[in-house]
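Each chain, written out:
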Amino acid sequence: MSKIGRNDPCWCGSGVKYKKCHLDFDRRIREYGSMGAEVPSHALLKTPEQIQGIRESAKINIAVLDYVAENIREGVTTEEIDRWVYEQTVRRNAVPAPLNYEGFPKSVCTSINEVVCHGIPSDKVVLKSGDIVNVDVSTIYNGYFSDSSRMFCIGEVSEEKKRLVEVARECVYKGLEQVKPWGFLGDMGQAVHEHALKNGYSVVQDIGGHGIGLEFHEEPWVSYVSERGTEMLMVPGMVFTIEPMVNMGTDEIYQDEDDGWTIYTVDGKPSAQWEIQVLVTETGYEILSY
Ligand code: MF3
Ligand code: CO
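The paragraphs below set out a description of the structure included in this document. Every chain's residues receive numbers from 1 upward, in the order its sequence appears when written. Whichever chain is written first is A, and whichever ligand is written first is 1; the rest continue in order. Two thresholds apply to this predicted model, a pLDDT of at least 70 for residue-level local features and 80 or more for giving and counting side-chain atom pairs, whereas whole-chain, interface and lining totals are computed over all residues. To obtain the side-chain values, all non-hydrogen atoms of the structure were included, while hydrogens and water were left out.

### With respect to the packing of aromatic side chains
Describing an aromatic ring pair means giving the distance of the ring centres and the angle of the ring planes. Paired rings are identified among Phe, Tyr and Trp, the last through its six-membered ring, by centres lying within 6.5 Å, and are further divided according to the angle between planes into stacked (under 30 degrees), edge-to-face (over 60) and tilted (the rest). Under the criterion given, the structure shown has 8 aromatic pairs. Each ring, one from Tyr-32 and one from Phe-184, has its centre 6.1 Å from the other, and the planes form 75°; the classification is edge-to-face. One end of the pair, Tyr-32, is in helix 1 (residues 23–34); the other, Phe-184, is in the loop between helix 4 (159–176) and helix 5 (185–198), with 152 residues separating them in the sequence. Whether a residue is buried, partly exposed or exposed follows from its accessible area with a 1.4 Å probe, protein chains only, as a fraction of its type maximum: under 20%, in between, or over 50%, in that order. On the accessibility criterion, Phe-184 (14% relative accessible area) is buried. By way of ring pairs, the aromatic residues Phe-25, Tyr-32, Trp-182 and Phe-184 are connected into one cluster. Only when the NZ atom of a Lys or the CZ atom of an Arg is both within 6 Å of the ring centre and within 35 degrees of the ring normal do we say a charge sits over the ring. Here the basic side chain of Arg-169 rests over the ring of Trp-274, its NZ or CZ set 5.0 Å away from the ring centre. By the criteria applied, helices consist of DSSP H or I runs no shorter than four residues and strands consist of E runs no shorter than two, each listed in order from the N terminus.

As structure tokens, then:
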């Protein structure tokens, strides 16, 4: 992992000698690696300064979603939500990360009912009573990235759909309980999946979460149908998203051929998703964005 000498300054930027800083930490990671575990590279472990930068970005992301929460209602178009997100982001001297990301044309993803994720805002899409909608906001501030999403129930929503929304939220926090150093991402993924299955739902397999912080999408790719003891070792300083897509029916999905973005459920049944961004700390986790 490192050819750094014991008396050299530590790779983490602390200025302290390696032997007094991350030497034992690196040994521990190496041990897991030699037992066959997937382990993070140093590049995935954020320094205190980077974590502070990501926190600042996340504060803006939260504020933008709070603004959406206060204003979203029946009759609003998803284009208006896009405008809110753009304005609320730039007035805080930040940039919406989705805008022009790999050709994405808008500042936010708005995904209604059977749309699983990556819905594109449009002035032709009006929120109506009974809809469930995910608003997925991502921010770049001072070069640091944040990402979280929430569900909103519009007007009178059926008990069936309300329950899907509630269980999807619970899945995130069941997963979060498993986030701690020297555990595995699969511990989190299994907890998410089990809670969805227990409630009669499925979890999308083909789209996952991601590391984030210095880029929008970093390693690792994060599954929510993984198994305990598998996937990447969780180490203090890692930042990633928990964002399972929970479906009422089949987990099968397809992509819109015309716009190249929108993902739908194959059976047309609703899908719900909440996303939080978390930091692995020395003792457990810190929620950065929600
Ligand atoms: N916010 C999405 C995520 O959770 C990213 C969507 S990419 C976009 O990873 F271009 F559609 F915004
Ligand atoms: Co994400």
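### Some points on helix 3 (residues 78–90)
A helix is expected to span 1.5 Å for every residue after the first. With 13 residues, helix 3 should cover 18 Å at 1.5 Å per step; its first-to-last C-alpha distance of 18 Å lies within 8% of that length. For helix 3, the full list of buried residues reads Thr-78, Ile-81, Asp-82, Trp-84, Val-85, Gln-88 and Thr-89. Summarising the axial view, the buried residues of helix 3 lie within an arc of 160°, below the 170-degree limit, and thus occupy one face. By definition, the arc is the one covered by directions from the helix axis to the C-beta atoms.

### So, helix 2 (residues 48–71)
With 24 residues, helix 2 ought to run about 34 Å at 1.5 Å a step, and its terminal C-alpha atoms sit 35 Å apart, in line with that. Where helix 2 is buried, its residues contact helix 3, strand 4 (132–141), strand 5 (144–153), strand 9 (239–242), strand 14 (276–280) and strand 15 (285–289). By the convention used here, residues are in contact when the closest approach between their heavy atoms is within 4.5 Å.

### So, the side chain of Ser-271
As for its placement among the helices and strands, Ser-271 is situated in strand 13 (residues 271–273). Residues adjacent in sequence count toward polar contacts only when both atoms are side-chain atoms; beyond that, a polar contact is any pair of N or O atoms within 3.5 Å, and within protein one must be able to donate a hydrogen and the other to accept it. Engagement of the side chain of Ser-271 in a polar contact is seen with the side chain of Asn-247, the distance being 2.7 Å.

### Points about the pattern of salt bridges
A pair is scored as a salt bridge if a Lys or Arg side-chain nitrogen falls within 4 Å of a carboxyl oxygen belonging to Asp or Glu. Under the definition given, this model contains 11 salt bridges. A salt bridge links Lys-124 to Asp-123; the shortest N-O distance between them is 3.5 Å. By the burial criterion, Lys-124 is exposed, and Asp-123 matches it.

### Describing the site of ligand 1
Consider each residue's heavy atoms; a residue with any of them within 4 Å of a molecule or strand counts as near. By nearness alone, 14 residues border ligand 1, and Asp-136, Asp-147, His-210, His-217 and Glu-243 come closest of all. At 3.1 Å, a side-chain N or O of His-210 approaches an oxygen atom of ligand 1. Polar here means any residue other than Ala, Val, Leu, Ile, Met, Phe, Trp, Tyr, Cys and Pro, which are nonpolar, and Asp, Glu, Lys and Arg, which are charged; Gly is therefore polar. Taken together, the residues of the shell around ligand 1 sort by class into 6 nonpolar, 4 polar and 4 charged.

### Observations concerning the packing of helix 2 against helix 3
At a minimum axis distance of 9 Å, the contact between helix 2 and helix 3 shows a crossing angle of 140°. Of the possible angle classes, the one that applies to helix 2 and helix 3 is oblique. Here the hand of the crossing between helix 2 and helix 3 comes out right-handed. On the side of helix 2, the interface is formed by Val-64, Tyr-67, Val-68 and Asn-71, while helix 3 contributes Ile-81, Trp-84, Val-85, Gln-88 and Thr-89. Grouping the constituent residues of the contact of helix 2 with helix 3 by class yields 6 nonpolar, 3 polar and no charged. With axes taken as lines fitted to C-alpha atoms, and helix axes fitted only over the stretch in contact, angles between N-to-C directions fall between 0 and 180 degrees. If an angle is under 35 degrees, it is roughly parallel; if it is over 145, roughly antiparallel; if it lies from 65 to 115, roughly perpendicular; otherwise it is oblique. Helix crossings are classified by the rotation of the near helix relative to the far one: an anticlockwise turn of less than a right angle makes the crossing left-handed, while a clockwise turn makes it right-handed.

### Side note on the coordination of the cobalt ion (ligand 2)
Water is not part of the atom set, so a site may look incomplete; the donors themselves are N, O and S atoms within 2.8 Å of the metal, or 3.2 Å for Na, K and Ca. Protein coordination at the cobalt ion (ligand 2) comes from Asp-147 (OD), His-210 (NE2), Glu-243 (OE) and Glu-275 (OE), with a distance range of 2.1 to 2.3 Å. Just to be clear on the cut-offs, tetrahedral is four donors with all angles between 85 and 135 degrees, square planar is four donors and octahedral six with opposite donors over 155 degrees apart and all others between 65 and 115, and anything else goes down as irregular. Viewed at the metal, the 6 donor atoms of the cobalt ion (ligand 2) are separated by angles of 48 to 160°, and the geometry they form is irregular. Expressed as a motif, the donor residue spacing for the cobalt ion (ligand 2) is D-x62-H-x32-E-x31-E. With Asp-147 in strand 5 and His-210 in strand 7 (residues 209–211), this residue pair connects regions lying 63 residues apart in the sequence. Across this residue pair, the class does not change: Asp-147 and His-210 are buried.

### Points about the pairing of strand 4
Strand 4 sits mainly inside the fold: 8 of its 10 residues count as buried. Strands qualify as paired when DSSP identifies two bridges or more between them. Note that strand 1 (residues 95–96) and strand 4 share 2 bridges and pair antiparallel. When the bridges of strand 4 are listed, Pro-96 appears paired with Thr-139. Of the pairings in the sheet, the one linking strand 2 (residues 109–112) to strand 4 comprises 4 bridges and is antiparallel in character. From the neighbouring strand, Ile-112 faces strand 4, where its bridge partner is Val-133. Two elements, strand 4 and strand 5, share 10 bridges in a ladder whose sense is antiparallel. Note that in strand 5 the partner of Ser-138 across the bridge is Asp-147. Taking the residues that link successive antiparallel strands as the turn, the strand 4-strand 5 hairpin has 2 residues, and the phi of Asn-142 there is positive, at about 55°.

### Thoughts on the side chain of Arg-150
Here Arg-150 shows up in strand 5. A polar side-chain atom of Arg-150 sits 2.9 Å from a polar atom in the side chain of Asp-66. Residue contacts for Arg-150: discarding those within four places in its chain leaves Ile-62, Leu-65, Asp-66, Ala-69, Val-133, Asn-134, Val-135, Gln-273, Trp-274 and Tyr-290.

Without other data, these values stay purely geometric and don't point to any function.
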